[in-house]
Amino acid sequence: MPTDPSSRIIRFSTFELNLETGELRQRGQKVKLQEQPLQVLAALLERPGELVSREELRSKLWSADTFVDFDHSLNAAIKRLRDALGESAETPIFIETLARRGYRFIGNIEMPAAVSARPRPWQRLFTTRKGV
């Protein structure tokens, strides 16, 4: 059975991330974003409202045998991501920094239920409020 392509799209604010194609769009216009910042965004959107540790991001972005100045590279990826989203660390709209621990996506998202069969904590809140 083919997967619904819309189930691989996560919307937040005026942005849309297509997990299938790896494209970020704002109001329909493609936003230029390198691979690593895009992977960071996808990791944060997988667990909205939850801490994604620096160590988790390191393991997602670089293999164990890769030698890189991890702190500098991750900070640069976060900065490029924030620039693309039009925010800063001082006044976060989407990405909150938890000093020396990691990052958390704090924006409101629209994610089709088909992306994950496991209910997220925020999904339970919405279904409880609706009385479903």
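Computed from a predicted structure; not experimentally measured.

**Remarks on the packing of helix α1 (residues 35-46) against helix α3 (residues 70-85)**
- Running from N to C, α1 and α3 cross one another at 80°; their axes reach a closest spacing of 8 Å. Here α3 runs roughly perpendicular to α1, going by the angle between their axes. Of the residues in α3, those in contact with Q36, P37, V40 and L41 of α1 are L74, A77, I78, R80 and L81.

**Brief notes about the side chain of N18**
- With respect to the helices and strands, the residue N18 is situated in strand β2 (residues 15-18).
- Side-chain polar atoms of N18 contact the backbone nitrogen of E20, separated by 2.8 Å.
- Non-local contacts of N18, meaning those with residues more than four positions away in its chain, are made with R8, I9 and E23.

**Things to note about unusual backbone geometry**
- A positive phi angle is found at S13, which is not glycine, with a value near 50°.
- The backbone phi angle of R27 is positive, close to 50°, even though this residue is not glycine.
- Its location among the elements puts R27 in the loop between β3 (23-26) and β4 (29-31).

**Here we look at the pattern of salt bridges**
- What the rule picks out here adds up to 12 salt bridges.
- Residues R47 and E56 are paired through a salt bridge, measuring 2.5 Å at the closest nitrogen-oxygen approach.
- The structure contains a network of salt bridges with shared partners spanning E23, R25 and K30.

Cut-offs used in this document
Residues numbered from 1 in each chain as written. Predicted model: local features only at pLDDT ≥ 70, side-chain atom pairs only at ≥ 80, totals over all residues. Heavy atoms only, no water. Axes fitted to C-alpha atoms, helices over the stretch in contact; angles between N-to-C directions. Helix = DSSP H or I, 4+ residues; strand = E, 2+ residues; numbered from the N terminus. Parallel < 35°, antiparallel > 145°, perpendicular 65-115°, else oblique. Contact = heavy atoms within 4.5 Å. Polar contact = N/O pair within 3.5 Å; in protein donor to acceptor, adjacent residues only side chain to side chain. Salt bridge = Lys/Arg side-chain N within 4 Å of Asp/Glu carboxyl O.

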